[in-house]
Amino acid sequence: MQANTIKKYDKYTVSELKKMAQKYFNAFIRKRDEGQPCISCGSGSPNQAGHFYSAGHYNSLRFNEDNCHFQCVRCNYFLHGNLNNYRTRLEAKIGSERLAALDLLASNKRSFKFDRFTLIDIIETYKAKNKSL
């Protein structure tokens, strides 16, 4: 990573960088999955980037593209992810091997914190990915 890239984020705290990274990541998920139905219920009106493994409980999977897909508000918030249906449709979408790899990553549920350099890299990566879609 270039020094000037790191320098432009000097004024932000790690917490602010994490929020910024989440914003760009979620925008990417919305663009990537645009036109697809809700991963959990199949409705045609999803508008949120919903995590299969909760970003709050599985911080290391927060920015994992296999862990996050288009969801409607009803499933994401009111049904707490609607996880049984999410898992069924997730396996159909990404395949059993990638789902097993995601499960393995989730099984190693240890404390995880992002450092500022990783977050800056995530921000820059998803800024670029959003432009390319």
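This structure is a prediction, so every number in the text was calculated from the model and none was measured.

## Observations concerning the overall build of the protein
Link 1 in the chain: Tallying secondary structure elements over the protein gives six helices and two strands in all.
Link 2 in the chain: Along the protein, from the amino end to the carboxyl end, the secondary structure elements read α-α-β-β-α-α-α-α.
Link 3 in the chain: Radius of gyration (C-alpha) of the protein: 15 Å, near the 14 Å computed for a compact globule of 133 residues.
Link 4 in the chain: Expressed as a percentage of the 133 residues in the protein, the buried residues total 39%.
Link 5 in the chain: Summarising the internal contacts of the protein: among those between residues at least 6 apart in sequence, 76% fall at separations of at least 24.
Link 6 in the chain: When the accessible surface of the protein is split by element, carbon and sulfur atoms take 51% of a total near 7900 Å².

## Concerning the confidence of the model for the protein
Link 1 in the chain: Overall, the prediction assigns the protein a mean pLDDT of 95, with 100% of residues at 70 or greater.
Link 2 in the chain: Per-element confidence in the protein is highest for helix α4 (residues 83–94), whose mean pLDDT is 98, and lowest for helix α1 (residues 3–7), whose mean pLDDT is 89.

## A few points about the environment of phenylalanine 112
Link 1 in the chain: Summarising the element assignment, phenylalanine 112 is placed in the loop between α5 (96–107) and α6 (116–132).
Link 2 in the chain: The partly exposed category is assigned to phenylalanine 112, whose relative accessible area is 31%.

## Some points on α5
Link 1 in the chain: Its 12 residues place the ends of α5 16 Å apart at the C-alpha level, agreeing with the 16 Å of an ideal helix rising 1.5 Å per residue.
Link 2 in the chain: Those residues of α5 not exposed but buried are Leu99, Leu102 and Ala106. Seen along its axis, α5 keeps its buried residues to an arc of 60 degrees; they face one direction. Summarising the geometry of α5, the exposed residues directed more than 90 degrees from the buried face are Glu97, Leu104 and Ser107.

Analysis parameters
Residues numbered from 1 in each chain as written. Predicted model: local features only at pLDDT ≥ 70, side-chain atom pairs only at ≥ 80, totals over all residues. Heavy atoms only, no water. Helix = DSSP H or I, 4+ residues; strand = E, 2+ residues; numbered from the N terminus. Rg over C-alpha atoms; globule rule 2.2 N^0.38 Å. Buried < 20%, exposed > 50% of the residue type's maximum accessible area, 1.4 Å probe, protein only. Contact = heavy atoms within 4.5 Å. Areas by Shrake-Rupley, 256 points an atom, 1.4 Å probe, with all protein chains shown as cover. pLDDT = per-residue confidence, 0-100. Expected span 1.5 Å × (residues − 1). Arc of directions from axis to C-beta.

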